[in-house]
Amino acid sequence: MPDPSTSSQPPSLIAIVLDLTPSAWVTRQGLREKNDRVRIKKGKDVTVRSSGPTTINELAGDISSFIQAVCCLDRSNVVCVVGAAGDEVAALYPRRDSMGAACGESHVPWTADPADAAGKVKTGIAALMERSTGRTDPGDGTTAISSALSVALCLINRFMLARGGGTAAGAVSASEGGEKEEATILSMVDRASGPGGEPGRRSNRRGQGGIRPRI
């Protein structure tokens, strides 16, 4: 049986967007605890099997297991996890210092580490939700989800560009009729990037219609 780690197939990218609005997950946790109390009254052991909506800890564990499964197929595969909470969006995995290698923009080869991914996803989720909870007006996450999808699309585009595909911002191409069309990828990541494509951070007030992308 061939070794998946030595596969000659091109790597694949999967982008996952998580809605981490704290209020929603607190509600789900409350429903889970309510269901457990009902089961306890019926004499059932909830320490073995709890029932109800998925909790944030279960979500983190499921995402980690999924990343491990994808990495088992090919260690060069990439899973990007983007989280949105309140008015902030953050790339939870890979982190800023390794995003270039993951997207294929660096000379450093990318090799996925499931254990490292699991730790960073869990700490990233906790940190993002804590920051959102600590704000006076954490928001409902509606605007952030839209931006998180833009971030995910931009990461996919970066991944494709590094491998000869994708669409460069401001690229001009000739159509069949001879007319030139401008193809532009618009995303929060592009507006948050610094010179040379190095990722940065942009922070706007809610009153200005902006959010806080972190990548």
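Residues numbered from 1 in each chain as written. Predicted model: local features only at pLDDT ≥ 70, side-chain atom pairs only at ≥ 80, totals over all residues. Heavy atoms only, no water.

Draft legend 1. The arrangement of the overall build of the chain in detail. The number of helices and strands found in the chain is six helices and six strands. In sequence order, the secondary structure elements of the chain are arranged as β-α-α-β-β-α-α-α-β-β-α-β. Split into buried and exposed, the 215 residues of the chain put 36% on the buried side. Considering only contacts in the chain between residues 6 or more positions apart, those separated by 24 or more positions represent 67%. (Helix = DSSP H or I, 4+ residues; strand = E, 2+ residues; numbered from the N terminus. Buried < 20%, exposed > 50% of the residue type's maximum accessible area, 1.4 Å probe, protein only. Contact = heavy atoms within 4.5 Å.)

Draft legend 2. Region of interest: the pairing of strand S2 (residues 78-85). Among the eight residues of S2, eight are classified as buried, and the element is accordingly described as predominantly covered. Residues Val 78, Cys 80, Val 82 and Ala 84 line one face of S2 and the alternating positions Val 79, Val 81, Gly 83 and Ala 85 line the opposite face, and both faces are buried. Examined bridge by bridge, strand S1 (residues 13-19) and S2 share seven bridges and lie parallel to one another. For Ile 14, the partnering residue across the bridge sits in S2 and is Val 79. (Pairing = 2+ DSSP bridges.)

Draft legend 3. Focus on the pattern of salt bridges. Under the counting rule described, the total for this entry stands at four salt bridges. With its nearest N and O atoms 2.9 Å apart, the salt bridge here joins Arg 131 to Glu 88. Remark: Glu 88 occurs in strand S3 (residues 88-93) and Arg 131 occurs in helix H4 (residues 114-133); sequence separation between them is 43 residues. With its nearest N and O atoms 3.4 Å apart, the salt bridge here joins Lys 120 to Asp 116. Of this pair, Lys 120 and Asp 116 both sit in helix H4, four residues apart, which is roughly one turn of that helix. (Salt bridge = Lys/Arg side-chain N within 4 Å of Asp/Glu carboxyl O.)

Draft legend 4. Representation of a nonpolar patch on the surface in the model. A surface patch of nonpolar side chains, amounting to about 260 Å² of accessible area, comprises Leu 153, Ile 156 and Met 160. Along the polypeptide, Leu 153 turns up in helix H5 (residues 142-161). (Patch = residues over 30% accessible without salt bridge, like charges linked within 9 Å, V, L, I, M, F, W, Y side chains within 5 Å. Areas by Shrake-Rupley, 256 points an atom, 1.4 Å probe, with all protein chains shown as cover.)

Draft legend 5. Local environment of the nonpolar core. Formed by 39 residues in total, the largest nonpolar core has its most connected members in Leu 18, Leu 20, Ile 63, Ile 67, Val 81, Leu 92 and Ile 125. Those elements giving two or more residues to this core turn out to be S1, helix H2 (56-73), S2, S3, helix H3 (96-103), H4 and H5. When near neighbours in sequence (up to four residues on either side) are disregarded, Val 81 contacts Ile 16, Leu 18, Ile 63, Ile 67, Ala 90, Ala 91, Leu 92, Tyr 93 and Val 121. (Core = buried A, V, L, I, M, F, W, Y, C linked by side-chain atoms within 4.5 Å.)

Draft legend 6. Looking closely at the packing of aromatic side chains. Going through the model one piece at a time under the given rule, you end up with one aromatic pair. Ring centres of Tyr 93 and Trp 110 lie 6.3 Å apart, and the angle between their planes is 55°; on these two criteria the pair is classed as tilted. Taken together, the positions of Tyr 93 in strand S3 and Trp 110 in the loop between H3 and H4 put the pair 17 residues apart, joining distant regions of the chain. Here the two residues Tyr 93 and Trp 110 agree in accessibility, since each one is buried. Seen from the ring of Trp 25, Arg 28 lies directly overhead, with NZ or CZ sitting 5.1 Å from the centre. (Phe/Tyr/Trp six-rings, centres within 6.5 Å; stacked < 30°, edge-to-face > 60°. Lys NZ or Arg CZ within 6 Å of the ring centre and 35° of its normal.)

Draft legend 7. Just H2, in detail. For H2, which comprises 18 residues, the first-to-last C-alpha distance of 26 Å matches the rise-based estimate of 26 Å (1.5 Å per residue) to within 8%. What H2 keeps buried is the set Ile 56, Leu 59, Ala 60, Ile 63, Ser 64, Ile 67, Val 70 and Cys 71. Buried residues of H2, seen end-on, are gathered within an arc of 135° and therefore sit on one face of the element. Residues Asn 57, Cys 72 and Leu 73 are exposed on H2 and point more than 90 degrees away from its buried face. (Expected span 1.5 Å × (residues − 1). Arc of directions from axis to C-beta.)

Draft legend 8. Structural context of the confidence of the model for the chain. Averaged over every residue, the pLDDT of the chain is 75; the share at 70 or more is 70%. For the chain, per-element mean pLDDT is lowest for strand S5 (residues 180-183), which scores 33, and highest for S1, which scores 94. Counting interchain partners and residues more than four positions distant, the pLDDT-below-50 stretch residues 172-213 has 77 contacts. (pLDDT = per-residue confidence, 0-100.)

Draft legend 9. Summary view of the environment of Arg 163. Here Arg 163 shows up in the loop between H5 and strand S4 (171-174). Residue classification places Arg 163 among the partly exposed residues on the basis of a relative accessible area of 38%. It is 9.8 Å that separates the C-alpha atoms of Arg 163 and Pro 11, two residues lying 152 residues apart in sequence. Aside from chain neighbours lying at most four places away, what touches Arg 163 is Pro 11, Ala 102, Cys 103 and Gly 104. From its side chain, Arg 163 meets the backbone oxygen of Cys 103 in a polar contact 2.8 Å long. (Polar contact = N/O pair within 3.5 Å; in protein donor to acceptor, adjacent residues only side chain to side chain.)

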